[in-house]
Amino acid sequence: MTTELIKKAVTTIVDYPKPGILFRDVTSVLQQPEAFQACIDMLKSNYDGHTFDKIVGTEARGFLFGAPLALALGIGFVPVRKPRKLPRETISESYELEYGTDVLEIHKDAISPGDNVLMIDDLLATGGTMVATANLIRRLGGKADHAGFVISLPDIGGDAKLRAANITPYCICEFEGD
Ligand SMILES: O=P(O)(O)OC[C@H]1O[C@H](OP(=O)(O)OP(=O)(O)O)[C@H](O)[C@@H]1O
Ligand SMILES: Nc1ncnc2[nH]cnc12
């Protein structure tokens, strides 16, 4: 029931940002407080029994769910950002998207060796963004074994890519046929 509420709150835009892409727009979920709250509650309860030191959220839509979840869990939030946005010393990873390539960065001092990190993003497509995020955390000595998402596009293969990188995904709702 809750999953259905969240799924219904996601808007689909055909052929955006280019022909052939079905864009699953999570911003409409944010406009429905009941659905937004349900996302945070479901992510939180999925990780009951785990102890994380930090949440890492990936720019930009990962911030929307990662930061409120960090507050709900009472732990710190660390942003992973696109290039030249973070002001202190960073490390970088390049990655592939469903429709392009890009680079992600993290502050070097944001993760301490041994930190157990929960990674959060709005959507799992190819998994490239999340594997790059895990690589950044692991290069700084953190544990990056779990990733939570609101939306999964299972036909694109992100689940297998994450599991091959020793990341266990949890996705609230799936959109098949993309
Ligand atoms: O699993 P993947 O194939 O890597 O794709 C998923 C990623 O793509 C989108 O972000 P995007 O890079 O478009 O950035 P934005 O959140 O800043 O719009 C989305 O928010 C995820 O971060
Ligand atoms: N199909 C899609 N919809 C929304 N965000 C995305 N990021 C990568 N693929 C996407």
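In the nomenclature of an unreviewed UniProt entry, the protein chain is known as Adenine phosphoribosyltransferase of Glaciecola siphonariae. In its Catalytic activity (unreviewed entry) section, the UniProt record describing the protein chain reads: "AMP + diphosphate = 5-phospho-alpha-D-ribose 1-diphosphate + adenine".

A. Structural detail: helix α5 (residues 128–139). Counted at 1.5 Å a residue, the expected span for α5 with its 12 residues is 16 Å, and the 16 Å between its end C-alpha atoms agrees. Counting buried residues along α5, nine of its 12 residues qualify, which places the element largely inside the surrounding structure. Three or more residues of α5 are buried, namely G128, T129, M130, V131, A132, T133, A134, L136 and I137.

B. Expanded view of the state of the cysteines. Tallied over the full model, the rule gives zero disulfides. Of all cysteine sulfurs, the one in C173 lies closest to C39, which takes part in no disulfide; the gap is 7.3 Å.

C. Summary view of the pattern of salt bridges. As enumerated under the stated definition, the model contains nine salt bridges in all. Of the charged contacts in the structure, one is a salt bridge between R139 and E93, with a shortest N-O distance of 2.9 Å. Pair noted here: R139 is in helix α5 and E93 is in strand β5 (residues 90–97), with a separation of 46 residues, a long-range link. On the basis of relative accessibility, which here comes to 17%, the residue E93 falls in the buried class. Note that R163 is salt-bridged to D159, the shortest N-O span being 2.8 Å. Of this pair, R163 and D159 both sit in helix α6 (residues 158–164), separated by four residues, roughly a single helical turn. Residue class for D159 comes out partly exposed when judged on its relative accessible area of 36%.

About the cut-offs
- Residues numbered from 1 in each chain as written.
- Chains lettered and ligands numbered in written order.
- Predicted model: local features only at pLDDT ≥ 70, side-chain atom pairs only at ≥ 80, totals over all residues.
- Heavy atoms only, no water.
- UniProt positions renumbered as here; feature names shortened; annotations may be inferred.
- Helix = DSSP H or I, 4+ residues; strand = E, 2+ residues; numbered from the N terminus.
- Expected span 1.5 Å × (residues − 1).
- Buried < 20%, exposed > 50% of the residue type's maximum accessible area, 1.4 Å probe, protein only.
- Disulfide = S-S within 2.5 Å.
- Salt bridge = Lys/Arg side-chain N within 4 Å of Asp/Glu carboxyl O.

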